[in-house]
Amino acid sequence: MPGPRHGRGLQALKATAEFLELTAEEMRAALSEYDTLADIAAANGSSGDELIAYLVSEVGEHLDEVVADGRITQEEADEKLADAEEHITELVNSDIPEPGERPMRPGGRGPGFGGGTDA
């Protein structure tokens, strides 16, 4: 799930489809049928908690690589992972936005789920 801030929502969707072994077409259909990513997970034999754990582990693996490359410290990685876990939990349990919508980040801090460049 690493990458530019504005692409993380899309990366989360791709990772969700991968985790649930859904094709792009199946994922698109599920996004229009269910209210949350947790609902999609439950409808496909998993759970929101399992999806969250998977997505957090993906971020953790990326952060481990960044620490090993010396680009950030372990302390910074731990902070980023904690933030990621909070954001991913919110993402998985929040309503899926309608096409063209740009939902707000927690606390109303600007576009989220694929929009904006704020922290």
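Look above for the structure.
Computed from a prediction, not measured in an experiment: that's the story for all the values here.

**As for the overall build of the chain**
Tallying secondary structure elements over the chain gives 5 helices and 0 strands in all. Secondary structure of the chain in N-to-C order comes out as α-α-α-α-α. Considering the chain as a whole, with its 119 residues, one finds that 35% of them fall into the buried category. In the chain, the proportion of contacts linking residues at least 24 apart, taken out of those at least 6 apart, comes to 49%. As displayed, the chain offers around 7200 Å² of accessible surface, 48% of which is attributable to carbon and sulfur atoms.

**Details of the environment of E58**
Relative to the helices and strands, E58 is located in helix 4 (residues 48-68). Judged by its relative accessible area of 24%, E58 falls in the partly exposed class. Between the C-alpha atom of E58 and that of A15, which follows or precedes it by 43 residues, the distance is 8.6 Å.

**Side note on the nonpolar core**
Ranked by size, the top nonpolar core spans 28 residues in total, and within it M27, L37, I40, L55, I88 and V92 carry the most contacts. Among the secondary structure elements, those contributing two or more residues to this core are helix 1 (8-20), helix 2 (24-33), helix 3 (37-43), helix 4 and helix 5 (74-93). Of the residues forming this core, the biggest block, 9 residues, is contributed by helix 4. Dropping the residues within four chain positions of it, L37 is found in contact with L13, T16, M27, L31, L51, L91, V92 and I96.

**Some thoughts on the side chain of S46**
Position of S46 among the secondary structure elements: in the loop between helix 3 and helix 4. Side chain to side chain, S46 and E50 meet in a polar contact 2.7 Å long. Not counting residues up to four positions away in its chain, the partners in contact with S46 are F19, L20 and A41.

**What to know about the packing of helix 1 against helix 4**
Contact geometry of helix 1 with helix 4 gives a least axis separation of 10 Å together with a crossing angle of 120 degrees. Taken as a pair, helix 1 and helix 4 cross one another with a handedness that is right-handed. In contact with A12, A15, T16, E18 and F19 of helix 1, helix 4 contributes E50, L51, Y54 and L55. By residue class, the composition of the contact of helix 1 with helix 4 is 6 nonpolar, 1 polar and 2 charged.

Scoring rules and cut-offs
- Residues numbered from 1 in each chain as written.
- Predicted model: local features only at pLDDT ≥ 70, side-chain atom pairs only at ≥ 80, totals over all residues.
- Heavy atoms only, no water.
- Helix = DSSP H or I, 4+ residues; strand = E, 2+ residues; numbered from the N terminus.
- Buried < 20%, exposed > 50% of the residue type's maximum accessible area, 1.4 Å probe, protein only.
- Contact = heavy atoms within 4.5 Å.
- Areas by Shrake-Rupley, 256 points an atom, 1.4 Å probe, with all protein chains shown as cover.
- Core = buried A, V, L, I, M, F, W, Y, C linked by side-chain atoms within 4.5 Å.
- Polar contact = N/O pair within 3.5 Å; in protein donor to acceptor, adjacent residues only side chain to side chain.
- Axes fitted to C-alpha atoms, helices over the stretch in contact; angles between N-to-C directions.
- Left-handed = near helix turned anticlockwise from the far one by under 90°.
- Nonpolar A, V, L, I, M, F, W, Y, C, P; charged D, E, K, R; others polar.

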